[in-house]
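Inside the fold
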6 protein chains.
Amino acid sequence: MQVIDRYFEDFAVGEIRRTLGRTVTEADVVLHAGQSGDFFPHHMDERWCVEEAGLGGRIAHGTLIIAIAVGMTAGDVNPQAMSYGYDRIRFIKPVLIGDTITVTAQITEVTDHPRRPELGRVDELVTVTNQRGDTVLSLVHLYVVTKRGSE
Amino acid sequence: MQVIDRYFEDFAVGEIRRTLGRTVTEADVVLHAGQSGDFFPHHMDERWCVEEAGLGGRIAHGTLIIAIAVGMTAGDVNPQAMSYGYDRIRFIKPVLIGDTITVTAQITEVTDHPRRPELGRVDELVTVTNQRGDTVLSLVHLYVVTKRGSE
Amino acid sequence: MQVIDRYFEDFAVGEIRRTLGRTVTEADVVLHAGQSGDFFPHHMDERWCVEEAGLGGRIAHGTLIIAIAVGMTAGDVNPQAMSYGYDRIRFIKPVLIGDTITVTAQITEVTDHPRRPELGRVDELVTVTNQRGDTVLSLVHLYVVTKRGSE
Amino acid sequence: MQVIDRYFEDFAVGEIRRTLGRTVTEADVVLHAGQSGDFFPHHMDERWCVEEAGLGGRIAHGTLIIAIAVGMTAGDVNPQAMSYGYDRIRFIKPVLIGDTITVTAQITEVTDHPRRPELGRVDELVTVTNQRGDTVLSLVHLYVVTKRGSE
Amino acid sequence: MQVIDRYFEDFAVGEIRRTLGRTVTEADVVLHAGQSGDFFPHHMDERWCVEEAGLGGRIAHGTLIIAIAVGMTAGDVNPQAMSYGYDRIRFIKPVLIGDTITVTAQITEVTDHPRRPELGRVDELVTVTNQRGDTVLSLVHLYVVTKRGSE
Amino acid sequence: MQVIDRYFEDFAVGEIRRTLGRTVTEADVVLHAGQSGDFFPHHMDERWCVEEAGLGGRIAHGTLIIAIAVGMTAGDVNPQAMSYGYDRIRFIKPVLIGDTITVTAQITEVTDHPRRPELGRVDELVTVTNQRGDTVLSLVHLYVVTKRGSE
């Protein structure tokens, strides 16, 4: 992890980065239940998931996959950018314990800030894929970024 | 935690629920760094936060507050509803270690599903407030819910 | 989790509630060893459990099952009740990693407090069952509850 | 941690051992909430504890103190003894985050097993004390122990 | 855990102690990634370990095995000894998730302190073995110990 | 985290990198006690540390600081390098809960492998500094690195 200044002008639509993989473990799900307080049987009751719900096993919390996915794209610290939210988070397929996910992040839009001329907005589409190549989650990560020469 | 069937017809715009409070602790932030892999100094370096970044202390990860807030609204299990995503997640103010947050969830929209007549869509606005009454995060939680008599 | 006032008069012998299931995981046992400081081989050494002790696998700490069982019965917050202890905790069968437990809590006794007329005592029998229907742990949870009109 | 055989005849009423101290931390309470699923405001909401409940701060879960206390007395592995339960667990005073506890364990009763002549029963009174010398929790730990020459 | 004074004169070359076993779990590796911030695929990506790296599974962090091994040899508290470092830490074979390790600690050298006559130095060779008898890690633990009559 | 091939020829004596800071928290120490099984009062008993041992507070486990320091220097994945151990680990000053550490890693030696001509050895001096600029820990991280054109 390094501190690297990247200004608004340094982001281009289509720019893409792809992470290494990470296996979503039982420990991750147990810790996330403990952190979020969500002990729904979908995440915690192996017997119910398999025998009653037909889920094929316990599934990871949506908020766990968001946390891991966004965390995996947190590479270098950019003092010129600030994350202000996400749009269109969609849980497309369940992630089961034992699945291995990778994340792709692609710049999809760069626009001027509507009210502040020294800033721009950068949208990054984050796509999470499992080991079979299925997309399991997507979201748009929203940044405000300083324009060069304005700080 | 109980299993309670609530159908599409049981949700009404304006319906509101409010959680008890939860203090966001240093342990939460450390565990979330460990879960997400995001060790940015904003969350991990007290000295930098106070002396260089002027943040007043270490701030919680956005994804931690999402996980806690959504978890706090996960009350009973409703077999008729499925969460399929979130819209318009916005980080409005930072949450510092030691802040105590409460969550309000209000039904803001109920609509027919565009293609499947047996289902409806329910939007729930989730608002997170700190101990000073400031809104720190908001998001819209999206559900698909079965209509009565259709299952 | 909601705050709901229930007074002494609201509890009746025979009243019963039953939780959903929860799978006791390896992560739970590892975390509980770390919390309690109890690293006995019964919980931590798979080889010893299987090859030497004939246990069929690592078994959960008794205090872990108590914590989970009591936690699973902690539904709503009742400002009129205070837990003051447990009686007759018995470890009836071991819980192995991977077992799924459910908990039943039944009111078994309601009596006046011996010295304080504004209070009563409520005993709740907590019974933990595994996925085969075997009782693995039982205890009596002891509450002091305010009588109606006395606060 | 060592394996040391101690038989029924090796336990004498009055025998006492005393542990070192351990500070009960915020991290312990957060982890125990996550393990037990008990997120009651008594443990998690600093503002409520201080401003509304008059508790002086967040208090540790009873099951956390049981787990730590029993864990602190788990010294050597004794293949001749088996823990089968606890009696008379009493929460005498609250343990607040930051309190430092020590544990005393004293043999209070040794008796023949009512039905199995090769076994005896040993009761150990476990007393937990805070840094001010107040007793905060007590319980009786129940063991079945093999008699010498009977295995 | 007890406090037991052992002076320099009480350590003899060749003295050996051997711990019980401990299974290195997936939860240990996940927690250690979270603690160290090291999310290398060798530890976190099951698919990559098996299909690309030919490792046979995820391997434990070296620093995890050091922490467990040294922790397993931390028996009683000796106020007369202070650990000042380790020499020659060598990762000899990988430890995979599910392996069970035991630790042997042998005094290999006792010498006077070069500058302080009231102290001596004790070297302890710590050897970690897996369930197949392979040595997986070794290190020399370095202590400074008070001589009798000098404190 | 990216995969970047760096060969033996790419390392030069004197090359240096410096991490951002990380505050060592109470949660880190509690989690490390739980992971290592080392519950010595130096790490766990605030009262003893301050009132009896004169340590000024609880101090972090040496193995925790090793794990964090090595983890902080684990930047990109280099398939051409393999860590085979550490030399001369020295605990120079205690790290107290709340201290903020940074890590410097400097290449101090590059040599041919004594027996395998296709490999070289790279030594990296890892130095951990607290917020007052004191060196608290140092170690030499040992790598074997492939020479260019030999794989």
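Up top you'll find the structure we're talking about.
Now for a quick tour of the structure. (Residues numbered from 1 in each chain as written. Chains lettered and ligands numbered in written order. Predicted model: local features only at pLDDT ≥ 70, side-chain atom pairs only at ≥ 80, totals over all residues. Heavy atoms only, no water.)

This part is about the interface of chain E and chain A. At the interface, eleven residues of chain E touch eleven residues of chain A. Between chain E and chain A, roughly 810 Å² of surface is buried when both sides are summed, and carbon and sulfur atoms account for 66% of that area. The tally of links from chain E across to chain A stands at zero salt bridges. For the pair chain E and chain A, the number of links is three residue pairs in polar contact (both at pLDDT 80 or more). Contributions of two or more residues to the side of chain E that touches chain A are made by α1 (26–36), α2 (41–44) and α3 (46–52) of chain E. Top contributing element to the side of chain E that touches chain A by residue count: α1(E), with four residues. Among the residues forming the side of chain E that touches chain A, the class breakdown is six nonpolar, no polar and five charged. (Contact = heavy atoms within 4.5 Å. Buried area = accessible area lost by both parts, 1.4 Å probe. Salt bridge = Lys/Arg side-chain N within 4 Å of Asp/Glu carboxyl O. Polar contact = N/O pair within 3.5 Å; in protein donor to acceptor, adjacent residues only side chain to side chain. Helix = DSSP H or I, 4+ residues; strand = E, 2+ residues; numbered from the N terminus. Nonpolar A, V, L, I, M, F, W, Y, C, P; charged D, E, K, R; others polar.)

Residue and element names in this part refer to chain B. Unusually for a residue other than glycine, R88 sits at a positive phi of about 50°. Looking at where R88 falls in the secondary structure, it is placed in strand β3 (residues 81–91). The class for R88 is partly exposed, based on a relative accessible area of 48%. (Buried < 20%, exposed > 50% of the residue type's maximum accessible area, 1.4 Å probe, protein only.)

The next subject is the relation of the copies chain E and chain A. After a rotation of 120° and a shift along the axis of 0.0 Å, chain E superposes on chain A with an RMSD of 0.0 Å. Such values leave the two copies arranged in the relation of a three-fold axis. No C-alpha of chain E lies nearer the rotation axis than that of E:A27, which sits 3.0 Å from it. (Least-squares fit on C-alpha atoms with pLDDT ≥ 70 in both.)

What follows deals with the environment of D:A33. Looking at the secondary structure, you find D:A33 in helix α1 (residues 26–36). The class of D:A33 is buried, set by a relative accessible area of 0%. Note: C-alpha distance between D:A33 and D:R132 (99 residues apart in sequence) is 26 Å. When near neighbours in sequence (up to four residues on either side) are disregarded, D:A33 contacts A:F39, D:D38, D:F39, D:M44 and D:H61.

Here we take up the pattern of salt bridges. With the rule as written, the count across this model stands at 78 salt bridges over all chains. For B:R58, the salt bridge identified is with B:E26, shortest N-O distance 2.9 Å. Placement of the pair is B:R58 in the loop between α3 (46–52) and α4 (62–72) and B:E26 in helix α1 (residues 26–36), with a sequence separation of 32 residues. Comparing B:R58 with B:E26 shows no difference in burial state: the two are buried. Across the salt bridge formed by F:D112 and F:K147, the nearest N and O atoms sit 2.8 Å from each other. One end of the pair, F:D112, is in strand β4 (residues 100–112); the other, F:K147, is in the segment after β6 (135–146), and 35 residues separate them in sequence. Judged by relative accessible area, which is 16%, F:K147 ranks as buried. Linked by salt bridges that have partners in common, A:E26, A:E46 and A:R58 make up one network.

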